Amino acid sequence: MDRNKPVTGYSKYNPEAKRRKLLNPLEELYPPLPDKKYDIIYADPPWDYGGKMQYDKSSIKTENIDFEKNIFISAADFKYPTVKLRDLMSLNVNSIAAEDSLLFMWTTGPQLENSIELGKAWGFEYKTVAFVWDKQIHNPGRYTLSQTEFVLVFKKGRFPSPRGARNIRQLVSEKRRDHSRKPETVIKGITEMFPSQSKIELFARDNYTGWDNWGLEIPDSKIEISSKSDL
């Protein structure tokens, strides 16, 4: 480190961040997409945040005098391999989308604009916010405390039919589990809305009955989707 440069929280954080970052080109990491068409596609892209750290008071020099305490080290790409937007856009999701299909995509506030671009690149038109997840636990944020994530819905062609449940709630208030784990209420809700359609989960970490899946961390055992009365 250049001794003439002032010591900042970022200068303390950056070397460790670079060492721990897990970033991989998508084509070197993931298997080919299935040779099948789906009416419903549910995706949780491993968004890359460009190495941005999560902030807390340990990175503030006036709070952590001379940085005697370790800097808080946390970012998405320390937990799992993130993928750059250009690589996500190159994934040919359109090849597995039925002529009339919906795409449900997880995103966060900082990735909203990228999410719209990604949905279009995959051959879909943005329609609305399908779910808002109140995680009940907040993360430090540069503007307001980060407490929610979103599922956007995109459409290709016509709305898939027949339609199932019409009373699935948009707001999901469930305590956050492990990093990047999403509440099962969402996939259960989608299943209730479209019980007879062909469905696939992309970047999956679970293995639900009635769903195909694609990703790196898919367990062998199936998880039963709860009945509507349990949602």
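Scroll up a little and you will see the structure.
Keep in mind that this is a model prediction, so the values were computed, not measured.

**Q** Which residues make up the environment of lysine 188, and what values go with them?
**A** Position of lysine 188 relative to the elements: it lies in helix α5 (residues 184–193). Between the C-alpha atom of lysine 188 and that of glutamate 224, which follows or precedes it by 36 residues, the distance is 9.6 Å.

**Q** Describe the pattern of salt bridges, and please don't skip the residues or the numbers.
**A** Scanning the model with the defined rule gives eight salt bridges in all. Its salt-bridge partner being lysine 36, residue aspartate 212 comes within 3.0 Å of it at the nearest N-O pair. Here aspartate 212 is found in strand β7 (residues 212–214), whereas its partner lysine 36 is found in the loop between α1 (9–20) and β1 (38–43), with 176 residues between them in sequence. In this structure aspartate 212 comes out as partly exposed when scored by relative accessible area, which is 29%. You can call lysine 36 partly exposed: its relative accessible area is 40%. Each of Asp44, Lys135, Glu149 and Lys182 takes part in a single network of salt bridges with overlapping partners.

**Q** Can you tell me about unusual backbone geometry, naming the residues and giving the values?
**A** Of the consecutive residues serine 161 and proline 162, the connecting peptide bond is found in the cis state with omega at 5°. With respect to the helices and strands, proline 162 occurs in the loop between β4 (146–156) and β5 (171–173). Despite not being glycine, glutamine 136 has its phi angle at roughly 65°, a positive value. Within the element layout of this structure, glutamine 136 appears in strand β3 (residues 125–139). Residue classification places glutamine 136 among the partly exposed residues on the basis of a relative accessible area of 43%. Phi at phenylalanine 203 takes a positive value of approximately 60°, unusual for a residue other than glycine.

**Q** So, the environment of serine 90: which residues are in play, and what are the values?
**A** By the secondary structure assignment, serine 90 is in helix α3 (residues 85–90). When the C-alpha atoms of serine 90 and leucine 118 are compared, they prove to be 9.3 Å apart, with 28 residues separating the residues in sequence.

**Q** Please provide a residue-by-residue account of the sheet that holds β3, values included.
**A** Read from one edge of the open sheet, seven strands run β5-β3-β4-β2-β1-β6-β7, paired in mixed fashion. Each end of this open sheet is capped by a strand with a single partner; those strands are β5 and β7. When the angles between neighbouring strand axes are averaged without regard to direction, this sheet yields 20°. Across the face of the sheet, α5 comes into contact with β1, β2 (97–107), β3, β4, β5 and β6 (199–202) while running at roughly 170° to β1.

**Q** Residue-level account of the packing of aromatic side chains, with values.
**A** The tally for this structure, following the rule as stated, stands at six aromatic pairs. Measuring from ring centre to ring centre gives 5.6 Å for phenylalanine 159 and phenylalanine 194, while their planes differ by 45°; the resulting arrangement is tilted. Of this pair, phenylalanine 159 sits in the loop between β4 and β5 while phenylalanine 194 sits in the loop between α5 and β6, and the two are 35 residues apart along the sequence. The exposure class of phenylalanine 194 is buried, given its relative accessible area of 1%. Summarising the aromatic geometry, the rings of phenylalanine 203 and tryptophan 214 are spaced 5.2 Å apart at their centres and angled 75° between planes, so their arrangement reads as edge-to-face.

**Q** Residues and numbers for the side chain of lysine 156, please.
**A** Mapping lysine 156 onto the fold places it in strand β4. Of the side chains with opposite charge, glutamate 99 comes closest to the buried, unpaired lysine 156, at an N-O distance of 8.0 Å. Among all residues touching lysine 156, those that are not within four sequence positions of it are Asn94, Ala97, Ala98, Glu99, Asp100, Ser101, Gly123 and Phe124.

**Q** Tell me about the pairing of β6, residues and numbers included.
**A** In β6, alternate side chains face the same way, and those of Lys199 and Glu201 on one face and Ile200 and Leu202 on the other are all buried. As judged from the three bridges shared by β6 and β7, these two strands associate in the parallel manner. Opposite isoleucine 200, over in β7, you have aspartate 212 as the bridge partner.

**Q** Tell me about α5, and name the residues and values.
**A** Burial within α5 is extensive, with eight of its ten residues counted as buried. Of the residues making up α5, those classed as buried are Val186, Ile187, Lys188, Gly189, Ile190, Thr191, Glu192 and Met193. Looking at the buried side of α5, the elements it contacts are β1, β2, β3, β4, β5 and β6.

How each quantity is defined
- Sequence order as written defines residue numbering, which begins from 1 separately in each chain.
- For this predicted model, a pLDDT threshold of at least 70 governs which residues receive local features, and a threshold of 80 or more governs which side-chain atom pairs are given and counted, while totals over whole chains, interfaces and linings are taken from all residues.
- Calculation of side-chain values draws on the structure's entire complement of heavy atoms; hydrogens and water are dropped beforehand.
- Numbered from the N terminus, helices here are DSSP runs of H or I no shorter than four residues, and strands are runs of E no shorter than two.
- The salt bridge criterion pairs a side-chain nitrogen of Lys or Arg with a carboxyl oxygen of Asp or Glu, the two atoms within 4 Å.
- Burial classes follow relative accessibility: with a 1.4 Å probe on protein chains only, a residue under 20% of its type's maximum area counts as buried, one over 50% as exposed, and anything between as partly exposed.
- For two strands to be treated as a pair, DSSP must find at least two bridges joining them.
- Axis angles are defined between N-to-C directions and span 0 to 180 degrees, where every axis is a line fitted to C-alpha atoms and, for a helix, only to the segment in contact.
- The contact definition used throughout considers only heavy atoms, calling two residues in contact when any of these lie within 4.5 Å.
- Think of it this way: a Phe, Tyr or Trp ring, Trp meaning its six-membered ring, pairs with another when their centres are within 6.5 Å, and the plane angle makes it stacked under 30 degrees, edge-to-face over 60, tilted otherwise.
- Just so you know, the count uses Lys and Arg for positive and Asp and Glu for negative, and it drops His and the chain ends.

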